[in-house]
Amino acid sequence: MVERLKRSDGGRYRCRVELNVGNFQTAVLTDLSVRAPNESVSVMTGTEGASATLPCVFTQPQQSLTAHTVMWMRKNPDQHIVTFRHIQNGSWAAENRVTRYELVEDPELGNAWIRIKQLRVEDSHSYLCLAEFRKGNHDYSSYGNHVKPPFIHVIQSEIQLQVRPAPNESVSVMTGTEGASATLPCVFTRPRQSLTAHTVTWMRKDPYRHIVTFRRIRNGSWAAENGVTRYELVGDPELGNAWIRIKQLRVEDSHSYLCLAEFRKSEHDYYHLPNGDHIKPPYIHVIQSEIQLQVTPGTGASETVLMLCIPLGLKTLALLVMGAVLYGDKLRKRQD
């Protein structure tokens, strides 16, 4: 990695390795072109516990290249965050099974947006996106013997993320009884832009844990992902509310909850790239204040019901004696 690049660093490079037994050098040359940024730093904002989508838009190289990897890193100091690799079926997967970062766009179209889930205050930083392309398997360099095709890297401009702490205002407390139902409110100010509600996600806080996500379907209604039935969306996110009903309450449901509403621009409001391609519009997230749920255990029966299973053939007198003994034992327990 070359830090603090200058325009004078541009040129053609070759790797040379010297060992005790001799030396060798790579046959493929690496071209480095350094250009100064021509725009100010973009600033994205988010709230602790919510999600944020960082844009990565670049001009795809003119050569016949294939997108190979997408790397996101922090800047000053440089720190690797996540690498997405192009797999055989045309989709992308994060290395090392990282799940907090999600690639939401298509690098083949000149964009590699990333969604960071469960934001933390320490995520506030400057970020860079590096797209790695390589030539086709039959497009070899002519250096005598065949060598692996070289890689070409395209890096976007710097993106700055600012994460605000979760609201510290007084926490609303909702109560419920084990086995019953409870409705948790989620009221927010709808974004002023011409946006459409896309998803509603409810999560637990401290530690953060995903509970359920409702997704808008074509007929305008909402459905829970993965066929979840214990949670029901009873509000209308388009009107600025996304209340949820939790059925069959359990004591372990006692927790703090957050509601995250995700909006996106109209399908016709695309960003235009210099090469004429279109990319999907970005997402905007709105998170509500914390809601605390307290579930009390259900009340059991005050009297213990005793059932006797007595074989047939016992005499009536034996039954009467057994009944008297049990009744006397019950009276003694009440006196104690």
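Report follows, based on the coordinates. (Residues numbered from 1 in each chain as written. Predicted model: local features only at pLDDT ≥ 70, side-chain atom pairs only at ≥ 80, totals over all residues. Heavy atoms only, no water.)

## Digging into the pairing of strand 22 (residues 255-265)
At step 1: Burial within strand 22 is extensive, with eight of its eleven residues counted as buried.
At step 2: Pairing of strand 17 (residues 195-204) with strand 22, which is carried by nine bridges, proceeds in the antiparallel orientation. Within the sheet, the bridge partner assigned to threonine 201 lies in strand 22 and is leucine 260.
At step 3: In the sheet, strand 22 pairs with strand 26 (residues 291-296) via three bridges, with the strands oriented antiparallel. Bridging across to strand 26, serine 256 finds its partner in glutamine 292. (Buried < 20%, exposed > 50% of the residue type's maximum accessible area, 1.4 Å probe, protein only. Helix = DSSP H or I, 4+ residues; strand = E, 2+ residues; numbered from the N terminus. Pairing = 2+ DSSP bridges.)

## So, the sheet that holds strand 16 (residues 182-184)
At step 1: Within the open sheet, the three strands sit side by side as 16-21-20. Their pairing is antiparallel. The sheet terminates laterally at strand 16 and strand 20 (231-233), the two strands that pair on one side only. On average, each strand axis in the sheet is tilted by 25° relative to the strand beside it, whichever way the strands run.
At step 2: Here three bridges tie strand 16 to strand 21 (residues 244-246), and the two strands are oriented antiparallel to one another. Bridge pairing in strand 21 places threonine 183 opposite arginine 245. (Axes fitted to C-alpha atoms, helices over the stretch in contact; angles between N-to-C directions.)

## Here we look at the layout of surface pockets
At step 1: Taken as a whole, the second largest pocket spans an internal volume of roughly 630 Å³.
At step 2: For the lining of the second largest pocket, the elements supplying multiple residues, two or more each, are strand 17, strand 18 (209-216), strand 22 and strand 25 (283-287).
At step 3: Of the residues assigned to the lining of the second largest pocket, the class counts are six nonpolar, ten polar and ten charged. (1 Å grid on protein atoms, 1.4 Å probe; cavity = no way out; pocket = protein on both sides within 12 Å on 5 of 7 lines; lining within 4 Å. Points joined across faces, edges and corners; volume = space filled by probe spheres on them. Nonpolar A, V, L, I, M, F, W, Y, C, P; charged D, E, K, R; others polar.)

## Quick word on the side chain of threonine 69
At step 1: With respect to the helices and strands, threonine 69 occurs in strand 7 (residues 65-75).
At step 2: Among the residues examined, threonine 69 registers a relative accessible area of 7% and is labelled buried.
At step 3: Ignoring anything within four residues of it in the chain, the contact list for threonine 69 reads Thr83, Phe84, Arg85, Trp92, Leu130, Ala131 and Glu132. (Contact = heavy atoms within 4.5 Å.)

## So, the nonpolar core
At step 1: In this structure, Leu54, Val70, Trp72, Val82, Phe84 and Leu161 are the most contacted members of the largest nonpolar core, which totals 27 residues.
At step 2: Residue assignment for this core shows that the elements contributing at least two residues are strand 6 (52-54), strand 7, strand 8 (79-86), strand 9 (92-94), strand 10 (101-103), strand 11 (114-116), strand 12 (125-135) and strand 14 (159-164).
At step 3: The contacts of valine 82, once residues within four sequence positions are left out, are Val70, Met71, Trp72, Ala94, Val98, Tyr101 and Ile114.
At step 4: If you look at the next biggest cluster of nonpolar residues, it comprises 26 residues, including Ala182, Leu184, Tyr257 and Val286. (Core = buried A, V, L, I, M, F, W, Y, C linked by side-chain atoms within 4.5 Å.)

## A short note on the pattern of salt bridges
Two side chains carrying opposite charge are able to pair once their charged atoms lie near each other.
At step 1: Applying the stated criterion to the full structure yields 14 salt bridges.
At step 2: Of the charged contacts in the structure, one is a salt bridge between glutamate 238 and arginine 216, with a shortest N-O distance of 2.5 Å. You can see glutamate 238 sitting in the loop between strand 20 and strand 21 and its partner arginine 216 sitting in strand 18, a full 22 residues away along the chain.
At step 3: Since its relative accessible area comes to 33%, arginine 216 is described here as partly exposed.
At step 4: In this structure, the salt-bridge partner of glutamate 232 is lysine 247, at a minimum N-O distance of 3.7 Å. Placement of the pair is glutamate 232 in strand 20 and lysine 247 in the loop between strand 21 and strand 22, with a sequence separation of 15 residues. (Salt bridge = Lys/Arg side-chain N within 4 Å of Asp/Glu carboxyl O.)

Spatial relationships are all this shows, so hold off on functional conclusions.
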